[in-house]
Amino acid sequence: NGMPVTLFEFFTRDRLGMDPDTFGIMFLLYFVSAILGVPFWLWLARRWSKHRAWCLAMLWASAVFASVFALSHGDFMAFGVVSVLTGLAFGADLALPPAIQADVIELDRKQTGASRAGIFFAIWQVATKASIALSSGIALIALDAAGFVTRAVNTENALLVLTVLYAGIPIVLKLSAVALMWSFP
């Protein structure tokens, strides 16, 4: 999730041509949709399983996010739909991984008799922060290497690199995570 958040303003402004008020509204749509999506994902997790519901959300987000490659300058309404639909899937990301982690912690406590929740949460937070920092740094370095300049006329290649970093790499990472989590016991 680090790359799209880092590149959101660049993508909406420099690729789609949105003004700050419009991309602010898109960002708000995304997060409001995430909050609205949480009850659905919790309901699905109770009926299926937490990890499969999360995987379904990541598959959904990947499929919707792939449509970003078809967007061009001025496609604000289409991007609004993408923001709402991927935001709904982000609701699963907000609710289900912490719930799965709690289950892992409880299983560990039952198996070992030790209460190591603090260690689990610390590792989780370090990994999360490191992945966001690393992905953001890589994205910005790659954009610079592609010759991308914010608030300027960019080459088609620079805009393609921006789109690949904004949507393509996150899709690959989400699909990789689904492959790892699908058979989670």
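Here the structure is a predicted model, which is why all the values come from computation and not from measurement.

1. What about the side chain of S83?
Logical step 1: In this fold, S83 is placed in helix 4 (residues 76-112).
Logical step 2: Overall, the relative accessible area of 3% leaves S83 in the buried class.
Logical step 3: Apart from residues lying up to four places away in sequence, S83 is in contact with M26 and Y30.

2. Focus on the environment of A114
Logical step 1: Tracing the backbone through its elements, the reader meets A114 in the loop between helix 4 and helix 5 (117-145).
Logical step 2: Exposure remark for A114: the relative accessible area of 27% places this residue in the partly exposed category.
Logical step 3: In this structure, A114 is in contact with D108 and R109, ignoring residues within four places of it in sequence.

3. Some words on the layout of surface pockets
Logical step 1: If you add up the space inside the largest pocket, you get close to 1300 Å³.
Logical step 2: Residue assignment for the lining of the largest pocket shows that the elements contributing at least two residues are helix 1 (2-15), helix 2 (20-47), helix 3 (50-66), helix 4, helix 5 and helix 6 (156-181).
Logical step 3: The residue makeup of the lining of the largest pocket, split by class, is 29 nonpolar, 10 polar and 3 charged.
Logical step 4: Of the volumes computed, that of the second largest pocket is approximately 160 Å³.
Logical step 5: Looking at the second largest pocket, the residues that line it are S49, K50, H51, I100, D103, V104, L107, F184 and P185.
Logical step 6: Sorting the residues of the lining of the second largest pocket by element identifies helix 3 and helix 4 as the ones contributing at least two each.
Logical step 7: Sort the elements by how many residues they give to the lining of the second largest pocket and helix 4 lands first, with 4 residues.

4. Brief notes about the confidence of the model for the chain
Logical step 1: Per-chain confidence: the chain averages 95 in pLDDT, with 100% of residues scoring 70 or above.
Logical step 2: Here helix 1 stands out as the least confident element of the chain, with mean pLDDT 93; helix 3 is the most confident, with 97.

5. Considerations on the packing of helix 5 against helix 6
Logical step 1: Packing of helix 5 against helix 6 leaves a shortest axis separation of 9 Å and a crossing angle of 165°. One element, helix 5, and the other, helix 6, form an angle in the roughly antiparallel class. For the pair helix 5 and helix 6, the sense of crossing is right-handed. Across from A139, A142 and L143 in helix 5, the residues of helix 6 making contact are A158, V161, L162 and L165.
Logical step 2: By residue class, the composition of the contact of helix 5 with helix 6 is 7 nonpolar, no polar and no charged.

6. Structural notes on the nonpolar core
Logical step 1: Counting residues in each nonpolar core, the largest one holds 25 residues, and the members touching the most others are L7, V68, F79, L162 and Y166.
Logical step 2: Sorting the residues of this core by element identifies helix 1, helix 2, helix 3, helix 4, helix 5 and helix 6 as the ones contributing at least two each.
Logical step 3: With 7 residues, helix 6 is the single largest residue contributor to this core.
Logical step 4: Apart from the residues lying within four places of it in its own chain, the contact partners of L7 are A139, L140, L143, L162, L165 and Y166.
Logical step 5: Core analysis: the next-biggest nonpolar cluster, separate from the first, contains 15 residues, A53, W54, A89 and M181 among them.

7. A few points about a nonpolar patch on the surface
Logical step 1: Residues W48, L56, L59, L175 and W182 make up a contiguous nonpolar surface patch of about 430 Å² in total accessible area.
Logical step 2: Relative accessible area serves as the criterion here: at 36%, L59 is assigned to the partly exposed category.

8. Some points on the environment of V164
Logical step 1: Along the polypeptide, V164 turns up in helix 6.
Logical step 2: Taking the C-alpha atoms as reference points, V164 and K174, 10 residues apart in sequence, are found 14 Å from one another.
Logical step 3: Ignoring sequence-local partners within four residues, the contact set of V164 consists of F69, I169 and P170.

Parameters and conventions
Residues numbered from 1 in each chain as written. Predicted model: local features only at pLDDT ≥ 70, side-chain atom pairs only at ≥ 80, totals over all residues. Heavy atoms only, no water. Helix = DSSP H or I, 4+ residues; strand = E, 2+ residues; numbered from the N terminus. Buried < 20%, exposed > 50% of the residue type's maximum accessible area, 1.4 Å probe, protein only. Contact = heavy atoms within 4.5 Å. 1 Å grid on protein atoms, 1.4 Å probe; cavity = no way out; pocket = protein on both sides within 12 Å on 5 of 7 lines; lining within 4 Å. Points joined across faces, edges and corners; volume = space filled by probe spheres on them. Nonpolar A, V, L, I, M, F, W, Y, C, P; charged D, E, K, R; others polar. pLDDT = per-residue confidence, 0-100. Axes fitted to C-alpha atoms, helices over the stretch in contact; angles between N-to-C directions. Parallel < 35°, antiparallel > 145°, perpendicular 65-115°, else oblique. Left-handed = near helix turned anticlockwise from the far one by under 90°. Core = buried A, V, L, I, M, F, W, Y, C linked by side-chain atoms within 4.5 Å. Patch = residues over 30% accessible without salt bridge, like charges linked within 9 Å, V, L, I, M, F, W, Y side chains within 5 Å. Areas by Shrake-Rupley, 256 points an atom, 1.4 Å probe, with all protein chains shown as cover. Salt bridge = Lys/Arg side-chain N within 4 Å of Asp/Glu carboxyl O.

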